[in-house]
Amino acid sequence: MTEREHVRVAVIGSGFGGLGAAVRLRREGVTDFVVLERADSVGGTWRDNSYPGCACDVPSHLYSFSFAPNPDWPRTFSGQEHIRGYLEHVTDVFRLRPHLRFNSEVKMMTWDAERLRWDIETSSGSYSADLVVSATGPLSDPKIPDIPGLDSFPGKVFHSARWDHDYDLRGKRVAMVGTGASAIQIVPSIQPEVERLTLFQRTPPWVMPRVDRAISGAERALHRALPFTTQARRGLLWGLRELQVQAFTKRPNELGMVEQLAKRNMARSIKDPALRARLTPDYRIGCKRILLSSAYYPALAQPNVDVVTSGLSEVRGSTVVGADGSTAEVDAIVFGTGFHVTDMPIADRVVGADGRTLAEAWQGGMQALRGASAAGFPNWMTIIGPNTGLGNSSMILMIESQLNYLADYVRQLDVLGGRVALDARPAAVDAWNRRVQERMKRTVWNTGGCTSWYLDANGRNTTIWPGTTTEFRTATRRVNLAEYEVVRAPAEKKTEKSEVVDA
Ligand SMILES: Cc1cc2nc3c(=O)[nH]c(=O)nc-3n(C[C@H](O)[C@H](O)[C@H](O)COP(=O)(O)OP(=O)(O)OC[C@H]3O[C@@H](n4cnc5c(N)ncnc54)[C@H](O)[C@@H]3O)c2cc1C
């Protein structure tokens, strides 16, 4: 039998979510934990996405931890290497290195109802843990569509999140598939270098200008000297987005004005009315993620770019074929086709109290109590779980709320004492999700007339939080024990019983 290392908490993943959980656990006085990471360094999204032009689209002072402000962000929207560097820095400053277990892909975790613990199999060994915090990321497993003929394409193929830096795109004929957040950063970055760029656009995105600039030395010096100025800057960025979200969640009709701004952004660069028409969305702005770029449309207007207004449907040798029948000869195909979001791969690897996997439990759609815990999966919680995503603000705000919930979860287990687990009551999970879905009905994500990666195969929005980040923070401040069944180990139940009898 293999030896198992037992820890109080196993955190899975070392992106913003996993590292944040590690910091929070230490702050709660929990030091008996590991962070299991399949890769060989921390960073998650910001380690894996190194494509040209990769940067955050929420300003850096908001897209960072509130407990680890960085006065030295170089740009308003900092690039991937700086965000990755920031996460490495957080790892050092909060002394997380001893907890990290790299090259440890979690293959399976199974609830042991006798011993009230999770048995975890990883690619580097076996663990058991009283509590699992799953922070495997909503956008960490790239999705490449099943395209007939792709296997026999003689050129280079890769996904935006697995960029092949050894392959030189200069002078090549490149097909870019997809027009989401990654693609609109890639297109202007590679367009000047490639011979020809064929962009496959199934649905045009709404694109607003990105007011990106270098943060001056004086500003940075001010932030260093007077830390409250960094907090004030963050507060302002947060407040503006908090106000905006009302239009997304309650008054989508007000978004018409924003559409005008986005159309003006396009008209500034796209002079050809036919191309403008092909690039203009036919759904309400905000229904799909609003993208920010001041370089995307100017790149599309260049003579070496072709926009195909349909998806890639087939590959014949080195010819890519669009669903509209158009063809192009290419040397490389780059997929900017997103991630497995509503079908989280980790869900296949979690086996709960009744022997079912989380994926089976979520067959009708993902759902969790307060975005964190699922019925039948005791002492297992997820960071950025179902309906915790945001359409317009920083995911770090949601992650930090979930960390509050985690901290209280740990405190509640301590107060209850002994070998104990909390299992979300099905009725509580249902009630929470009914409320979420009820509020979702009038949001732009459900009424805006688009299909997006926010929706699952049944058309249900299981990814976005239909409210303000403040509302979510309030809802996750405390663990309400009435929403959980308190599970005791069978041996302890006997002991408790005999104690009562003895008394
Ligand atoms: C290109 C891009 C740009 C983005 N820009 C923004 C932005 O500007 N603003 C914003 O709010 N959000 C943005 N996001 C969303 C972003 O994913 C989140 O903000 C945040 O980084 C998620 O952190 P996470 O820790 O939950 O997940 P991740 O950063 O994805 O980390 C998950 C980690 O889990 C590991 N893992 C997964 N499965 C296993 C397993 N089985 N075993 C062990 N380890 C595993 C992965 O290797 C990874 O390191 C962006 C996403 C992408 C892809």
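Residues numbered from 1 in each chain as written. Predicted model: local features only at pLDDT ≥ 70, side-chain atom pairs only at ≥ 80, totals over all residues. Heavy atoms only, no water.

A. Main features of the overall build of the protein. The helix and strand tally for the protein stands at 15 helices and 20 strands. Whereas a compact globule of 503 residues would reach a radius of gyration of roughly 23 Å, the protein reaches 24 Å, a difference of no more than 12%. By its C-alpha atoms, the protein is 85 × 55 × 45 Å across when sized along the principal axes. Each of the 503 residues in the protein was classed as buried or not, and the buried ones make up 55%. Considering only intrachain contacts with a sequence separation of at least 6, the fraction spanning at least 24 residues in the protein is 73%. Accessible surface, the protein as shown: approximately 21300 Å² in total, 52% of it carbon and sulfur. Counting 61 positive and 56 negative side-chain charges, the protein places the centres of these two groups 7 Å from one another. (Helix = DSSP H or I, 4+ residues; strand = E, 2+ residues; numbered from the N terminus. Rg over C-alpha atoms; globule rule 2.2 N^0.38 Å. Buried < 20%, exposed > 50% of the residue type's maximum accessible area, 1.4 Å probe, protein only. Contact = heavy atoms within 4.5 Å. Areas by Shrake-Rupley, 256 points an atom, 1.4 Å probe, with all protein chains shown as cover. Lys, Arg positive; Asp, Glu negative; His and termini not counted. Charge placed at Lys NZ, Arg CZ, Asp CG, Glu CD.)

B. A look at the side chain of Ser-310. Along the polypeptide, Ser-310 turns up in the loop between β12 (305-308) and β13 (312-316). A distance of 3.1 Å separates the side chain of Ser-310 from the backbone nitrogen of Ala-323, its partner in a polar contact. (Polar contact = N/O pair within 3.5 Å; in protein donor to acceptor, adjacent residues only side chain to side chain.)

C. Looking closely at the packing of helix α1 (residues 16-27) against helix α11 (residues 395-416). Across the interface, α1 lies against α11 with an axial gap of 10 Å and an inter-helix angle of 40°. Judged by the angle between their axes, α1 and α11 are oblique. Crossing handedness for the pair α1 and α11: right-handed. The residues of α11 that touch α1, namely those facing Phe-16, Gly-17, Gly-20, Ala-21, Arg-24 and Leu-25, are Ile-396, Ile-399, Leu-403, Asn-404, Leu-406, Ala-407, Val-410 and Arg-411. For the contact of α1 with α11, a count of residues per class yields nine nonpolar, three polar and two charged. (Axes fitted to C-alpha atoms, helices over the stretch in contact; angles between N-to-C directions. Parallel < 35°, antiparallel > 145°, perpendicular 65-115°, else oblique. Left-handed = near helix turned anticlockwise from the far one by under 90°. Nonpolar A, V, L, I, M, F, W, Y, C, P; charged D, E, K, R; others polar.)

D. Representation of the pattern of salt bridges within the structure. On inspection of all chains with the given rule, the structure shows 35 salt bridges. In this structure, Arg-170 and Asp-168 form a salt bridge, with 2.9 Å as the shortest nitrogen-oxygen distance. The exposure class of Arg-170 is exposed, given its relative accessible area of 54%. Glu-259 is the partner of Arg-284 in a salt bridge, and the nearest nitrogen-oxygen pair spans 2.9 Å. Placement of the pair is Arg-284 in the loop between α8 (273-279) and β11 (291-292) and Glu-259 in helix α7 (residues 256-269), with a sequence separation of 25 residues. Through salt bridges that share partners, Arg-4, Arg-117, Asp-119 and Glu-121 make up one connected network. (Salt bridge = Lys/Arg side-chain N within 4 Å of Asp/Glu carboxyl O.)

E. Region of interest: the sheet that holds strand β8 (residues 173-177). Across the sheet, which stays open at both edges, the five strands sit in the order β7-β16-β8-β9-β12 with parallel pairing between neighbours. Each edge of the open sheet carries a strand with a single partner, namely β7 (156-159) and β12. Neighbour-to-neighbour, the strand axes of this sheet turn through a mean angle of 15°, independent of strand direction. Taken together, the four bridges between strand β9 (residues 196-200) and β12 define a ladder with parallel strand orientation. Looking across to β12, one finds that Thr-198 is bridged to Asp-306. (Pairing = 2+ DSSP bridges.)

F. Up close: the site of the ligand. The immediate surroundings of the ligand are formed by 36 residues, with Glu-37, Thr-45, Asp-57, Tyr-63 and Met-395 found nearest. Within the backbone of Val-106, one N or O atom sits 2.8 Å away from a nitrogen atom of the ligand. In isolation the ligand exposes 980 Å². Once the protein is present, 95% of that is buried. Counting residues per element, the ones that place at least two in the shell around the ligand are α1 and α2 (45-48). Grouping the amino acids of the shell around the ligand by side-chain chemistry returns 16 nonpolar, 14 polar and six charged. (Near = heavy atom within 4 Å.)

G. The domain arrangement of the protein, seen in detail. Looking at the assigned domains, one finds that the protein contains domain 1 (5-140 + 341-493) and domain 2 (150-211 + 238-335). Between domain 1 and domain 2, the C-alpha centre-to-centre distance is 30 Å. The partner domain 2 presents 32 residues to the 39 residues of domain 1 that form the contact. Across the domain 1/domain 2 interface, buried area totals approximately 3000 Å², and carbon plus sulfur atoms make up 52% of it. (Domains from an automatic or database assignment. Buried area = accessible area lost by both parts, 1.4 Å probe.)

H. Representation of the side chain of Arg-233 within the structure. For Arg-233, the position within the fold is in helix α6 (residues 227-249). Leaving out residues up to four positions away in the same chain, Arg-233 has contacts with His-61, Thr-76, Arg-213, Ile-215, Glu-219 and His-223.

I. Summary view of the nonpolar core. Counting 107 residues, the largest nonpolar core has Phe-16, Leu-300 and Leu-406 as the members making the most contacts within it. In terms of residues, this core owes the most to one element, α11, which gives 11 residues. Shared between two domains, this core holds at least three residues of each, these being domain 1 (5-140 + 341-493) and domain 2 (150-211 + 238-335). In this structure Leu-300 touches Val-187, Leu-199, Ile-270, Leu-275, Leu-279, Val-305 and Val-307, once residues within four positions along its chain are discounted. (Core = buried A, V, L, I, M, F, W, Y, C linked by side-chain atoms within 4.5 Å.)

J. Spatial organisation of unusual backbone geometry. In this structure, Ile-384 is a non-glycine residue whose phi angle is positive, near 55°. When you line up the elements, Ile-384 lands in the loop between β18 (380-382) and α11. Since its relative accessible area comes to 13%, Ile-384 is described here as buried. Despite not being glycine, Asn-387 has its phi angle at roughly 55°, a positive value. Tracing the backbone shows Asn-387 in the loop between β18 and α11. For Asn-387, a relative accessible area of 2% translates into the label buried.

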